[in-house]
Amino acid sequence: MLIIELVVMSLLCVAVVTAADAALTHPDPDARAILAIERAAFERWARGDLTGFLEASDQEVDYFDPFLDARLEGLPALRALYANLPAVEVDRWEMINPRVVVSCDMGVLTFNFVSYTQRGATRWNTTEVYQRKDGQWRIIHTHWSLTKPELAREPADQ
């Protein structure tokens, strides 16, 4: 009887994890691997640790951000950007509708992202391009844009 109870409890635990993280049940193992890397990096980020994304990035990563005037090129530039960012204080975060398309050694992950703080929610559109190098998936391109940003308006002609 104890073995049956342990098996049932194990299955319940798996079901809870699967339900809580449905995106990780993707049928493609490469897509699952990419999603797992991304989610692990976000878990660290939410605790103020940006090194998860740095560790997941390739030496030749490039990075677009709406608060930068130009594309960053290379891991040293990304490392310098992260070193100058204020500490992150996130109550919780959501990766919404993640989609991974994998072809050979390239994977493209797109998703909507919401971070929640005491000031409210911030919504993003995100693209991460991964490349498999030496058997490991690495981020080679990141693009962040605000969802429905307030657009700057031209002054009215007088």
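Structure first, text after, so check above.
Every chain's residues receive numbers from 1 upward, in the order its sequence appears when written. This being a predicted model, a pLDDT of at least 70 is required before a residue's local features are given, and a value of 80 or more before pairs of side-chain atoms are given or counted; all residues contribute to the totals for chains, interfaces and linings. Excluding hydrogens and water, the side-chain figures rest on all heavy atoms present in the structure.

### Considering the sheet that holds strand E3 (residues 92-103)
For the record, the criterion: Note on pairing: two strands pair once DSSP finds at least 2 bridges between them. Helix and strand definitions here come from DSSP, where helices need a minimum of 4 consecutive H or I residues and strands a minimum of 2 consecutive E residues; each element is numbered from the N-terminal end. Contact between two residues is taken to exist if any of their heavy atoms lie within 4.5 Å; hydrogens are not considered. In this description, a line fitted to the C-alpha atoms serves as the axis of each element, helices being fitted only across the stretch in contact, and the angle between N-to-C directions of two axes falls anywhere from 0 to 180 degrees.
One open sheet holds the six strands; their spatial order is E2-E1-E6-E5-E4-E3, and the pairing between them is mixed. With partners counted over all chains shown, the strands left at the sheet margins are strand E2 (72-73) and E3, one partner each. Of the strand pairs in this sheet, strand E1 (residues 57-64) and E2 are connected by two bridges, and their pairing is antiparallel. Bridge pairing in E2 links Asp62 to Glu73. Its contacts with the sheet place helix H2 (residues 29-46) against E3, strand E4 (106-117), strand E5 (120-133) and strand E6 (136-146), and it is angled at close to 155° to E3. Along the sheet, helix H4 (residues 75-83) contacts E1 and E2; its crossing angle with E1, the most-contacted strand, is approximately 60°.

### Brief notes about the packing of aromatic side chains
Keep this limit in mind: Think of it this way: a Phe, Tyr or Trp ring, Trp meaning its six-membered ring, pairs with another when their centres are within 6.5 Å, and the plane angle makes it stacked under 30 degrees, edge-to-face over 60, tilted otherwise. Burial here depends on accessible area, computed with a 1.4 Å probe over protein chains only, as a share of the maximum for the residue type. Under 20% is buried, over 50% is exposed, and the range in between is partly exposed.
Enumeration according to the criterion identifies 14 aromatic pairs in this entry. For the ring pair Phe42 and Trp144, a centre distance of 6.1 Å and an interplane angle of 85° mean the geometry is edge-to-face. Of this pair, Phe42 sits in helix H2 while Trp144 sits in strand E6, and the two are 102 residues apart along the sequence. Comparing Phe42 with Trp144, the two get one shared label, buried. Ring geometry for Phe111 versus Phe113: centroids 6.4 Å apart, planes at 70°, classification edge-to-face. For the residue pair Phe111 and Phe113, the accessibility class agrees, reading buried in each case. Joined through ring pairs, the aromatic side chains of Phe42, Trp45, Phe53, Phe67, Trp93, Phe111, Phe113, Trp124 and Trp144 make up one cluster.

Treat this as a map of the structure, not an account of what it does.
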